[in-house]
Amino acid sequence: MPGDRVEGTALMRVAVTGAGGRLGTALVAALASSGSIDEVLAWDLPEHDLDDPGSAMRLVSRKRPGIVIHAAAWTDVDGCARDPQLAMRRNGTAAGEMAQACVTNGAAMIAISTNEVFDGLRTDGRPYGATDLPNPANAYGAAKLAGERLAREAFRATGDDFAAAALMPPGGRPTTVPPLAIVRTAWLFGPPGADFPQRILAAAVRARAEDKTLDLVSDEFGCPTYAADLAAAIASLVELAGKKGWSAVGGIHHVVNGGYASRAEWAREVLRLAGVTVPTRDVAMRTWPRPSTPPLWGVLEPTPLSGGPLRDWQAALAEYATIRIRTQEPSR
Ligand SMILES: NC(=O)c1ccc[n+]([C@@H]2O[C@H](COP(=O)([O-])OP(=O)(O)OC[C@H]3O[C@@H](n4cnc5c(N)ncnc54)[C@H](OP(=O)(O)O)[C@@H]3O)[C@@H](O)[C@H]2O)c1
């Protein structure tokens with residue numbers, strides 16, 4: 001089975017697309033510090049280009065990684081809403097091309113996806129599980145779901161019990177799982193660039209300077225997830241695949257920090273950690289018009305990980321705060 005080819009050291013050459021992005025940066029660091037991975041290939045523009053249909057095949061054929069972790073995406077959800085065709089090209093079609101390049105060259109693939117494949121309309125208070133039916137409500141989610149489906153289609157020839165593998169303990173998993181894992185995550189924070197904690201801090205500082213109240217959306221829920229924690233979990237999946245083969249790893253995974261929060265709760269925790277005091281007011285998402293419609297209830301149920309569940313988001317954010325969330329001016 002192609003997936004078994006990652007066993008042993010020779011093929012533990014792992015490529016990361018979107019290597020300069022939030023997750024990609026953390027992934028390259030996590031993989032580089034893993035003792036069982038020989039070489040990390042960091043791919044990004046212009047070497048890997050989601051707009052170029054031949055880019056994935058050329059790169060994978062030339063560099064021959066054992067695994068490709070496909071983290072590259074057009075993550076500007078409002079941009080995706082304004083140009084759904086380009087969103088589909090970058091987040092859908094290009095993921096399928098990467099999957100085909102992997103299949104052709106005998107490589108495995110970990111495709112990074114999103115909680116936005118779900119519409120967020122469920123009202124029973126339960127998180128979305130890996131076997132729940134996706135139904136994206138925006139162009140970004142639709143394109144990411146297309147990417148998942150195209151990847152599964154490309155890998156179908158190598159094994160067909162993909163869906164059945166979700167949530168099964170390693171011993172009970174079917175043996176025909178293809179060497180493809182889809183890792184859905186949500187609300188990533190971490191360097192580089194302006195993530196939600198950085199943006200909310202900047203907005204709070206502006207509101208204070210202008211003696212204004214900071215509006216916080218209180219009816220949109222998700223799982224804040226530290227990119228470094230997600231990257232470590234993905235590196236563990238790669239190691240597990242190396243040890244036990246893809247029958248233990250293939251399938252859909254939901255990987256997020258523990259717990260969930262509204263945007264407002266997340267924002268207040270950032271402000272508390274940064275020691276910034278500013279009057280705040282809860283508002284509904286509909287008072288914040290934007291081109292894309294994020295899922296109101298975007299909470300994912302984490303799937304079991306060999307190393308146990310990720311820590312709660314508050315603990316991860318507290319660690320991040322010591323590294324990056326700084327008080328930008330004295331509290332008053
Ligand atoms: N951020 C979140 O909250 C979140 C939530 C759920 C799932 N995800 C998924 O997680 C993955 C990583 O997201 P992230 O937060 O790390 O995103 P990010 O910081 O925006 O990084 C995306 C990466 O993709 C690259 N990229 C963008 N357009 C490209 C193109 N046309 N060709 C080649 N590369 C291109 C970017 O390169 P440049 O920097 O050079 O543009 C960057 O390296 C994505 O698959 C995303 O859909 C993210």
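The structure this text deals with has already been given above.
All of these numbers come straight from a predicted model, not from anything done at the bench.

Colleague: Is there a simple way to think about unusual backbone geometry in this case?
Modeller: Peptide bonds are trans in most cases, and residues, glycine excluded, mostly fall at negative phi. Note the cis peptide between Leu45 and Pro46, where omega equals -5°. Looking at the element boundaries, Pro46 is found in the loop between strand E2 (39-43) and helix H2 (55-63). Here Pro191 and Pro192 are connected by a cis peptide whose omega angle stands at 0°. Among the secondary structure elements, Pro192 is positioned in the loop between strand E6 (188-189) and helix H7 (196-209). A positive phi is found at Arg64, a non-glycine position, where the angle reads about 50°. Checked against the element boundaries, Arg64 lands in the loop between H2 and strand E3 (67-70). The phi dihedral of Asp211 is positive, around 55°, even though this residue is not glycine. Considering the arrangement of structural elements, one finds Asp211 in the loop between H7 and strand E7 (214-217). The class of Asp211 is exposed, set by a relative accessible area of 68%.

Colleague: Looking at this structure, how should I read the site of the ligand?
Modeller: Surrounding the ligand, one finds 24 residues, the nearest of these being Leu23, Asp44, Thr75, Tyr140 and Lys144. One of the backbone N or O atoms of Leu23 is found 2.7 Å from an oxygen atom in the ligand. Interatomic distance of 2.7 Å between a side-chain N/O atom of Lys144 and an oxygen atom of the ligand. In the complex, 79% of the free accessible area of the ligand, which totals 890 Å², lies under the protein chains. Elements with a contribution of two residues or more to the shell around the ligand: helix H1 (22-32), strand E4 (108-114) and helix H5 (139-155). Per-element accounting of the shell around the ligand gives the leading share, 3 residues, to E4.

Colleague: When you look at the pairing of E2 in this model, what are you seeing that I'm missing?
Modeller: Working note: regular strand, side chains alternate between the two faces of the sheet. Alignment of strand E1 (residues 13-17) against E2, held across 5 bridges, turns out to be parallel. Following the sheet pairing, Ala15 is matched in E2 by Leu41. A crossover links E1 with its parallel partner E2, the connecting element being H1, and its sense is right-handed.

Colleague: Please explain the nonpolar core as it appears in this structure.
Modeller: In globular proteins that are soluble, nonpolar side chains generally tend to be buried together. Residues Leu214, Trp266, Leu317 and Ile325 are the most contacted members of the largest nonpolar core, which totals 36 residues. Mapped onto this core, the elements with two or more residues apiece are H7, E7, helix H9 (263-274) and helix H10 (313-323). Of the residues that make up this core, three or more belong to each of domain 1 (2-188 + 224-254) and domain 2 (194-222 + 258-299 + 312-323). Residues Ala71, Val183, Ala235 and Trp246 belong to the second largest nonpolar core, which totals 34 residues.

Colleague: I keep staring at the sheet that holds E1 and nothing clicks. Help me out?
Modeller: Think of a sheet as strands paired side by side through backbone hydrogen bonds, with each pair either parallel or antiparallel. Spatial ordering of the open sheet is given by E2-E1-E3-E4-E5-E10, a layout of 6 strands whose pairing is parallel. Two strands bound the open sheet, and with one partner strand each, they are E2 and strand E10 (251-254). Neighbour to neighbour, the strand axes of the sheet diverge by 20° on average, direction disregarded. Packed onto the sheet, H1 meets E1, E2, E3 and E4 and runs at close to 165° relative to E1.

Colleague: What is the right way to look at H10 in this model?
Modeller: An α-helical turn contains 3.6 residues, so a residue and the one three or four places further along point in the same direction. Those residues of H10 that sit buried are Trp313, Ala316, Leu317, Tyr320 and Ala321. Considered in projection along H10, the buried side chains sweep an arc of 145° and stay on one side of the axis.

Thresholds, definitions, all that
- Here the residue numbers are simple positions, counted from 1 along each chain's written sequence.
- The predicted nature of this model means local features are confined to residues of pLDDT at least 70 and side-chain atom pairs, given and counted, to a pLDDT of 80 or more, with totals for whole chains, interfaces and linings taken over all residues.
- For side-chain calculations, the full set of non-hydrogen atoms in the structure is used, while hydrogens and water are omitted.
- Secondary structure elements are taken from DSSP: a helix is a run of H or I of four residues or more, a strand is a run of E of two residues or more, and numbering for both begins at the N terminus.
- Per-residue accessibility, obtained with a 1.4 Å probe over protein chains only, is compared with the maximum for each type, and a residue is labelled buried under 20%, exposed over 50%, and partly exposed between these values.
- Any residue with a heavy atom positioned within 4 Å of a molecule or strand is treated as near that molecule or strand.
- N or O atoms closer than or at 3.5 Å make up a polar contact, with two conditions inside protein: a donor-capable atom paired with an acceptor-capable one, and, for residues adjacent in sequence, both atoms drawn from side chains.
- All accessible-area figures derive from a Shrake-Rupley calculation using a 1.4 Å probe, and residue coverage is judged against the displayed protein chains alone.
- Only when DSSP finds a minimum of two bridges between them are two strands counted as paired.
- The handedness rule is simple: strands pointing away from the viewer, and a clockwise path from the first strand over the helix to the second, make the crossover right-handed.
- Joining through side-chain atoms within 4.5 Å is the link that ties buried Ala, Val, Leu, Ile, Met, Phe, Trp, Tyr and Cys residues into a set, and such a set is a nonpolar core.
- Where each domain starts and ends follows an automatic or database-derived domain assignment.
- Between N-to-C directions, angles cover 0 to 180 degrees, with each direction set by a line fitted to C-alpha atoms, over the stretch in contact for helices.
- Every residue pair with non-hydrogen atoms within 4.5 Å of one another is taken to be in contact.
- This arc corresponds to the set of directions leading from the helix axis out to the C-beta atoms.

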